[in-house]
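In case you want the letters, here they are:
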Amino acid sequence: MDDEQRRQDDWAKDRKHRLPTFTEVLSRRTRPPVDLFMFYLFLQREGAEDILDFWLDVQQHENLCRAYFKDVRKSGRTIREDWPEYWDYARRRGSIYGTVVGLNPHTGTKRSTTSTGEMLSDQDRHNLAVAGDEKAARSPSPRMRSISPGAGVARAHDHSPLAGDHPPGSHRVGRAHILPLPIPAGNTPGSTENHEIYLPPALRVHTFPLSSTHEPKSQSEIALMAQIPDMFHSQKEYCYRAMEQDAFPRFLRAKAFGNLTPVSALVRLIAGLIILWIGLAVGFSLIFLDVQPKSKRFFLFIPYTLAVLFLISHQYELDPVLVFLGQSESTPFRTLSIREPYVKKLLLGRAIWVSVLVAACSVALTMIFWAVPGHRL
């Protein structure tokens, strides 16, 4: 635990003057409110968490394949001897495990061996796989979100990468991810519900003879098994780029520059409008009833301050009181501590600005209603 805390501290120092990258979030290097747990909750609110589930599943699948290839080589055998069908496939078509299985990277294979997985260090891969067998139940989202127009479908299991406050990162992926296309979503054997993510036509897997319903027996099916280690790599890379270019910037905007969830911000808007209406009604009543002494109008500062605070908090999606307490919302009205140094610095600066704005608007409204001469109707 001390070593893990020390590593987290070292990574935090590297990000002292910048926001985290998407790779750092996926590899669980970051702290709340910009960690993997919060990113998953952000996608869940948009009904798009399935794409992250799929990426984590495939990443775990590749980690397991990589560990298998390494163990084979450590045993003194070669991949060519242990799995000749895969060796032949990787030699002809190329593989993301080229350096692991012993292929010469300069032989000119057709497929690039670079991937997001290779951006991760061994420790990052360990972070993604450390709790691969832990699972937490969640309410499945009935929605399916399109990543881009004109898309196809890849199937993903309905399970979550979350376990408590620290998401384990990813889970095992097996032949259940390559179910034949005629089986409709939601009717997969052994699964209560399937979700769908959308892919461009070039990345669609329309049919595949193998499935989780039977073991490969014929020679052709055994040969097809050689495609499984690399099968969903292109789809995983597409999902990575889609999240990095679309969801992740919005996630940083929501969590690095604000600390409220949409529901909480909406509640503040409604409360602010109601309190403002009450404050204006009382203010006009004091004027048109010509209540004396005039100094009683200074009590209007209380409803005006609350109303302006709630309205500006909704506009900026930031509650300065929570920021000063070092808190950020994870789900509506549930908070966690802000532990990312640079994010804390950004939020503190914005909270000070919002506080100044609230004070200025509140003083202006109060002084206007105090300065207006009374006139009893």
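Presented here is an overview of the structure given in this document. This one's a predicted model, so the numbers in the text were calculated from it and none came from an experiment.

Thresholds, definitions, all that
Residues numbered from 1 in each chain as written. Predicted model: local features only at pLDDT ≥ 70, side-chain atom pairs only at ≥ 80, totals over all residues. Heavy atoms only, no water. Helix = DSSP H or I, 4+ residues; strand = E, 2+ residues; numbered from the N terminus. Buried < 20%, exposed > 50% of the residue type's maximum accessible area, 1.4 Å probe, protein only. Contact = heavy atoms within 4.5 Å. Areas by Shrake-Rupley, 256 points an atom, 1.4 Å probe, with all protein chains shown as cover. Polar contact = N/O pair within 3.5 Å; in protein donor to acceptor, adjacent residues only side chain to side chain. Patch = residues over 30% accessible without salt bridge, like charges linked within 9 Å, V, L, I, M, F, W, Y side chains within 5 Å. Salt bridge = Lys/Arg side-chain N within 4 Å of Asp/Glu carboxyl O. Phe/Tyr/Trp six-rings, centres within 6.5 Å; stacked < 30°, edge-to-face > 60°. Core = buried A, V, L, I, M, F, W, Y, C linked by side-chain atoms within 4.5 Å. Axes fitted to C-alpha atoms, helices over the stretch in contact; angles between N-to-C directions. Parallel < 35°, antiparallel > 145°, perpendicular 65-115°, else oblique. Nonpolar A, V, L, I, M, F, W, Y, C, P; charged D, E, K, R; others polar.

Notes on the overall build of the protein chain
Right, on to step 1. Scanning the protein chain from terminus to terminus reveals 14 helices and four strands.
Right, on to step 2. Out of the 377 residues belonging to the protein chain, those deemed buried represent 46%.
Right, on to step 3. Restricting the contact set of the protein chain to residue pairs at least 6 apart, pairs at least 24 apart contribute 77%.
Right, on to step 4. Accessible surface, the protein chain: about 18800 Å² in total, of which carbon and sulfur atoms supply 60%.

Observations regarding the environment of arginine 77
Right, on to step 1. Considering the arrangement of structural elements, one finds arginine 77 in the loop between α4 (49-74) and α5 (79-82).
Right, on to step 2. Taking the relative accessible area as the measure of exposure, arginine 77 reaches 40% and is therefore partly exposed.
Right, on to step 3. In contact with arginine 77, other than residues within four places in its own chain, are Val72 and Asp82.
Right, on to step 4. At 3.4 Å, the side chain of arginine 77 and the side chain of aspartate 82 are in polar contact.

Notes on a nonpolar patch on the surface
Right, on to step 1. Together, Leu266, Ile270, Ile274, Trp277, Ile278 and Val282 make up an exposed nonpolar region whose accessible area comes to about 600 Å².
Right, on to step 2. Examined against the element boundaries, isoleucine 270 turns out to sit in helix α11 (residues 262-288).

Looking at the pattern of salt bridges
Right, on to step 1. Under the criterion given, the structure shown has nine salt bridges.
Right, on to step 2. Several salt bridges converge on common partners, so that one network encompasses Glu46, Asp246 and Arg250.

Observations concerning the packing of aromatic side chains
Right, on to step 1. Scanning the entire structure with this criterion turns up 18 aromatic pairs.
Right, on to step 2. Judged by centre distance (5.1 Å) and plane angle (45 degrees), the ring pair of phenylalanine 22 and tyrosine 240 falls under tilted. Here phenylalanine 22 is found in helix α2 (residues 22-26), whereas its partner tyrosine 240 is found in helix α10 (residues 233-256), with 218 residues between them in sequence. There is no split in this pair, since phenylalanine 22 and tyrosine 240 are both buried.
Right, on to step 3. Ring geometry for tyrosine 68 and tryptophan 83: centres 6.3 Å apart, planes at 70 degrees, overall edge-to-face.

Focus on the nonpolar core
Right, on to step 1. Ranked by size, the top nonpolar core spans 49 residues in total, and within it Phe39, Leu43, Leu52, Met243 and Phe251 carry the most contacts.
Right, on to step 2. Per-element tally for this core: the top contributor is α10, with ten residues.
Right, on to step 3. Apart from the residues within four sequence positions on either side, phenylalanine 251 is in contact with Pro33, Val34, Asp35, Met38, Phe39, Phe42 and Ala256.
Right, on to step 4. Judged by nonpolar contacts, the second largest core, of 14 residues, contains Phe69, Tyr86, Ala90 and Ala226.

Overview of the packing of helix α3 (residues 36-45) against α4
Right, on to step 1. At a minimum axis distance of 7 Å, the contact between α3 and α4 shows a crossing angle of 135 degrees. In terms of orientation, α3 and α4 fall into the oblique class. For the pair formed by α3 and α4, the contact residues are Leu36, Phe39, Tyr40, Leu43 and Gln44 on the first element and Glu49, Leu52 and Asp53 on the second.
Right, on to step 2. Taken together, the residues of the contact of α3 with α4 break down into five nonpolar, one polar and two charged.

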